[in-house]
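# Topology and contacts: notes
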Amino acid sequence: MAGDGVSTLFIDMDGTLTDLALDRLFFTETLPQCFADLSGASLAEARRHVVAELAAIQGTLAWYSLPRLSSLFGLDLEALTEGLARAIVLQPGAIEFLEQAGEHYRRVLVTNADPVVLAMKLRATGLAAWLDGVICAHHLGAAKEEAIFYERLAALEPDCPLAGLLIDDNLAAVAAARRAGLQAVAIARPDRSRPARDITEGFAVENIAALKDFLPERLTR
Ligand SMILES: [Mg+2]
């Protein structure tokens, strides 16, 4: 037990433990290109279509669901993502953070990622060796941006909300977690090919490696 009664860290995967550049390229390049090839639309038209369709389901599980996205765009997203495993890159210092955090806290991965993508990324990175639990939002039937997610998480994890801290690059998820009574830290630079975002609300760090300086007793604020 350490820092303000927090005993479990709920840790996001994409953009927090892994570099988000791969996911961004998939949604901004691969998906529009494949949709353009399929539909005969220009790449510019396909990009606009993909952006509009994704915006309409942002913050819901559908945005993260390979079957839902496959039917939305008429493409086999599971096949399209298969080749990505070799390109997955961890955030610098992610394993070291998990290793040190494990001396003081339970470490539970909480992700909106599709179960197929989650399994692929765990296999490719070996992350499970540094985790005490893995919870997939699809199994709870709600995304981390939704209040009900935290009610369902609490049924599985007694440290949610009052002894839990979420570490996440998804600012809507961070806000929802705080509203649900958890503490939360925002990751400002999930995509290493992009500059850090300017986060003005609440506790934020550039990346998970920066959180090592707060272990154990200064992790919460
Ligand atoms: Mg994320």
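Residues numbered from 1 in each chain as written. Predicted model: local features only at pLDDT ≥ 70, side-chain atom pairs only at ≥ 80, totals over all residues.

## Notes on the pairing of strand 2 (residues 106-111)
We apply this condition: Exposure classification rests on a simple neighbour count of other C-beta atoms within 10 Å of a residue's own: a residue reaching 20 or more is buried, one at 12 or fewer is exposed, and one in between is partly exposed. C-beta atoms are placed from the backbone. Segments assigned H or I by DSSP are reported as helices when at least four residues long, segments assigned E as strands when at least two residues long, and all are numbered from the N terminus. Here the rule is simple: two strands pair whenever DSSP picks up at least two bridges between them. Whether a crossover is right-handed depends on one test, that the path from the first strand over the helix to the second runs clockwise when the strands point away from the viewer.
Burial runs high along strand 2: five of the six residues are buried. Pairing analysis gives four bridges linking strand 1 (residues 8-11) to strand 2, with the strands arranged parallel. By the bridge assignment, I11 is partnered in strand 2 with L109. In this region the chain leaves strand 2, passes through helix 6 (residues 115-125) and returns to the parallel neighbour strand 3 (residues 133-136); the handedness of that crossover is right-handed.

## What about the pairing of strand 5 (residues 183-187)?
In the case of a regular strand, side chains alternate between the two sheet surfaces. The buried count for strand 5 comes to five of five residues, which makes it a mostly enclosed element. By the alternation rule, side chains of strand 5 split into Q183, V185 and I187 and A184 and A186, which are all buried. Bridge analysis of strand 4 (residues 164-168) against strand 5 gives four bridges, and the strand direction is parallel. Considered in strand 5, the bridge of D168 is made with A186. What joins strand 4 to strand 5 is helix 9 (residues 171-179), and the crossover it makes is right-handed.

## As for the sheet that holds strand 4
Two pairing modes exist for strands in a sheet, parallel and antiparallel, and in both the strands are linked by backbone hydrogen bonds. Read across the open sheet, the six strands follow the order 3-2-1-4-5-6; overall the sheet is parallel. On the outer flanks of this sheet lie strand 3 and strand 6 (204-205), each paired with one strand and no other. Pairing between strand 1 and strand 4: four bridges, direction parallel. Bridging across to strand 4, L9 finds its partner in L165.

## Points about the domain arrangement of the protein
To be explicit about the condition: Reported domain spans reflect what an automatic or database domain assignment gives. Once C-beta atoms have been placed from the backbone, residue pairs whose C-beta atoms lie within 7 Å are recorded as contacts. Residues are grouped as follows: Ala, Val, Leu, Ile, Met, Phe, Trp, Tyr, Cys and Pro are nonpolar; Asp, Glu, Lys and Arg are charged; every other residue, Gly included, is polar.
Each domain of the protein was delimited in the assignment, giving domain 1 (8-19 + 89-214) and domain 2 (22-85). Inter-centroid distance (C-alpha atoms) of domain 1 to domain 2 is 24 Å. Domain 1 puts 17 residues into the contact, and the matching count from domain 2 is 12 residues. The set of elements that each furnish at least two residues to the side of domain 1 that touches domain 2 consists of helix 6 and helix 7 (137-140). The element that contributes the greatest number of residues to the side of domain 1 that touches domain 2 is helix 6, accounting for four residues. Residue composition of the side of domain 1 that touches domain 2, grouped by class: 10 nonpolar, two polar and five charged.

## Some thoughts on the nonpolar core
Where we set the bar: To form a nonpolar core, buried Ala, Val, Leu, Ile, Met, Phe, Trp, Tyr and Cys residues must be joined through C-beta atoms within 7 Å.
If you look at the biggest cluster of nonpolar residues, it comprises 46 residues, and the most contacted ones within it are I11, L165, L166, I167, A177, L182 and A184. For I11, the residues in contact, after removing those within four places along its chain, are T16, L17, R107, V108, L109, V110 and I167. Counting residues in hydrophobic clusters, the runner-up holds seven residues, among them L31, F35, A46 and F73.

## Considerations on helix 8 (residues 147-156)
In plain terms, the rule: The directions from the helix axis to the C-beta atoms are what the arc is built from.
Looking only at helix 8, the buried set comprises F149, Y150 and L153. Along the long axis of helix 8, the arc covered by the buried residues comes to 90°, so they all point the same way. Relative to its buried face, helix 8 has exposed residues pointing more than 90 degrees away, namely A147 and A155.

## Here we look at the packing of helix 1 (residues 21-39) against helix 2 (residues 43-56)
Cut-off, in case you're wondering: Axis definition: a line fit to C-alpha positions, over the contact stretch in the case of helices; interaxial angles, taken between N-to-C directions, run 0 to 180 degrees. Here a crossing is called left-handed whenever its near helix is offset anticlockwise from the far helix by less than a right angle, and right-handed whenever the offset is clockwise.
Contact geometry for helix 1 and helix 2: axes closest at 8 Å, N-to-C directions at 115°. Judged by the sense of rotation from one axis to the other, the crossing of helix 1 with helix 2 is right-handed. In this structure, helix 1 contributes F27, L31, P32, Q33, F35, A36 and S39 to the contact, and helix 2 contributes L43, A46, R47, H49, V50 and L54. Tallied by class, residues from the contact of helix 1 with helix 2 come to nine nonpolar, three polar and one charged.

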